[in-house]
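Structural overview for review
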Amino acid sequence: MVDAGIVERIRELRPLIRQNALRAEHDRRVPDEVVAALSGTGVYRMNVPARYGGYQTPLHTQVDAFAEIALECASTAWVTLGQAGVSYIAALFPDEAQDDFFTGPAGPDVRIGGTLVPGATAVPYDGGYRVDGASGFATGCHHAHWHLLTAAVVPADGRPVEGPPEVLWVAVPMSELEILDDWDTTGLAGTGSNTVVAHDIPVPAHRVLPLGPMLAGRTPSKTNADDPFYRMPVLALFCAWTASAALGLGRAALTEFDQRVHRRGITYTLHQRQHEATVTHLQFAEAQMRISAAELVAARLTGEIETKAHDGDSYTPREKARIRAECGYLTRLCKEAVELLASAAGASSLQRSVPLQRIARDVNALTLHSFVNPATNLEIYGRVLSGVDPGTPFL
């Protein structure tokens, strides 16, 4: 299997994904058979090093692949892009840890989850750490083999820490973590983003990645350190991956609306078919233009990330802030398009079986993600443009 046809292989699974979208929302997790089918496409290999059988797939192809999934179920897309994306972070760990991740029973199809909010603590122990505490929003935890838990280092003697604590990503087998049943949401409900809990788990030193150096572009992986593919900043990558979910949702809304307007009228008017009404023409065109604009923004940021990685160029603070702002902005454009179409779809679209309402719930949830939130991201970019501190290290 090679990655050349990965988008086509995923496209062939769209009927299965669509068929199970409501089930994923109801069960609050992606069905097992959908995860297994996606694994068969090689989607989880896209960021795995080639020496382990991974693909190191071009970023623009990844965006296309995830968008295909989001066309039918945003929850499934979010879980898939999260786990396929975290494998990129796993490839930045020391080489010994990569052997743990990518040569296990799942091989290069391993599913690795991760969270960025430091809810756990890491206490130095026997050359490594003992990790304890909870971490929320562990997307796809039910199907993950590993989880990268974000933990703040605290001294073994319990003395207070002066200044911000060191923050680590620690890799823990999912079998060692407890999963709480606390994911019950109105949007992206099928992602199964439950809280996971570590109960004083020992983690060897080679399965630890300091967050600060990683965000600055430094990796302890000797093998991947000079590979242009692994020069792409993780947070910029997350912007591109998020774009795929937003674009998929926007395109899905356009498709659903197109189908509806040709088979229904506008109640209490003379229009027997909605597609004949002038107001529909205006709504349809406006929504399409917003999605097209979002696609242009996504292509720009994705192309810039790939070009800089290839050329070995660094990023200015303004460029980093702009990419994050573009992520939020294009997501907002997609949300506005979806809301316009959902409001024009008629009361019959309120039925749970009609995908348009789920699309609207999911895109709203996407814009509420703290790294994606359009208002927050525009403020950060505006701060940098104004010559003041961005107010966050997450650029």
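Overview of the structure. This structure is a prediction, so every number in the text was calculated from the model and none was measured.

**Brief notes about the overall build of the protein**
- A count of helical and extended segments in the protein gives 13 helices and eight strands.
- The C-alpha atoms of the protein give 22 Å as radius of gyration, which agrees with the globular expectation for 395 residues (21 Å, within 12%).
- Expressed along its principal axes, the backbone C-alpha trace of the protein runs to roughly 75 × 50 × 40 Å.
- In the protein, which comprises 395 residues, the proportion classed as buried is 55%.
- Long-range contacts, defined here as pairs at least 24 residues apart, represent 74% of the contacts in the protein between residues at least 6 apart.

**A word on the packing of aromatic side chains**
- Counted under the stated rule, the structure contains eleven aromatic pairs.
- With centroids separated by 5.8 Å and ring planes inclined at 80 degrees, the aromatic side chains of W78 and F238 adopt a geometry described as edge-to-face. In this pair, W78 is assigned in helix α6 (residues 74–90) and F238 in helix α9 (residues 234–261), connecting sequence segments 160 residues apart. You'll find W78 and F238 in the same group, each marked buried.
- Between the aromatic rings of F137 and W183, the centroid separation amounts to 6.2 Å while the plane-to-plane angle is 80 degrees, which identifies the pairing as edge-to-face. On the criterion of sequence distance, the pair formed by F137 in strand β3 (residues 128–138) and W183 in the loop between β6 (178–179) and β7 (194–203) is long-range, its members being 46 residues apart.
- Members of the aromatic cluster, each reached through a chain of ring pairs, are Y52, F93, F101, F102 and W146.
- In this structure, R111 packs its charged tip against the face of Y44, placed 5.8 Å from the ring centre.

**A look at helix α4 (residues 32–41)**
- When α4 is considered as a whole, its buried residues turn out to be V34, V35, L38, S39 and T41. Down the axis of α4, the sector holding all buried residues measures 150 degrees, keeping them to one side.
- Those residues of α4 that are buried lie in contact with α1 (6–12), α2 (14–19), α5 (59–70) and α6.
- Just past α4, the residue G42 takes up positive phi, approximately 90 degrees.

**Side note on the nonpolar core**
- By size, the foremost hydrophobic cluster in this structure holds 101 residues, and its most contacted members are Y88, F93, F101, I112 and I305.
- Per-element tally for this core: the top contributor is α9, with 18 residues.
- Apart from the residues lying within four places of it in its own chain, the contact partners of I305 are L59, M232, A236, L237, A240, Y315 and I323.
- Of all hydrophobic cores here, the second largest spans 20 residues; its members include A144, V172, A198 and I201.

**A word on unusual backbone geometry**
- The backbone of D126 shows a phi angle near 50 degrees, a positive value even though the residue is not glycine.
- Checked against the element boundaries, D126 lands in the loop between β2 (120–125) and β3.
- By relative accessible area, D126 is classed as exposed at 71%.

**What about the side chain of T80?**
- Within the fold, T80 resides in helix α6.
- Given a relative accessible area of 1%, T80 falls into the buried group.

**Considering helix α12 (residues 355–368)**
- Here α12 is 14 residues long and its end C-alpha atoms lie 20 Å apart, about the 20 Å a rise of 1.5 Å per residue gives.
- Burial of α12 is extensive: ten of the 14 residues sit out of reach of the surface.
- Those residues of α12 that sit buried are P355, L356, Q357, R358, I359, A360, D362, V363, L366 and T367.
- Those residues of α12 that are buried are in contact with α2, α3 (21–27), α6, α9, α11 (317–343) and α13 (374–385).

Criteria and cut-off values
Residues numbered from 1 in each chain as written. Predicted model: local features only at pLDDT ≥ 70, side-chain atom pairs only at ≥ 80, totals over all residues. Heavy atoms only, no water. Helix = DSSP H or I, 4+ residues; strand = E, 2+ residues; numbered from the N terminus. Rg over C-alpha atoms; globule rule 2.2 N^0.38 Å. Buried < 20%, exposed > 50% of the residue type's maximum accessible area, 1.4 Å probe, protein only. Contact = heavy atoms within 4.5 Å. Phe/Tyr/Trp six-rings, centres within 6.5 Å; stacked < 30°, edge-to-face > 60°. Lys NZ or Arg CZ within 6 Å of the ring centre and 35° of its normal. Arc of directions from axis to C-beta. Core = buried A, V, L, I, M, F, W, Y, C linked by side-chain atoms within 4.5 Å. Expected span 1.5 Å × (residues − 1).

Note that all results are geometric; they support no functional claim without further evidence.
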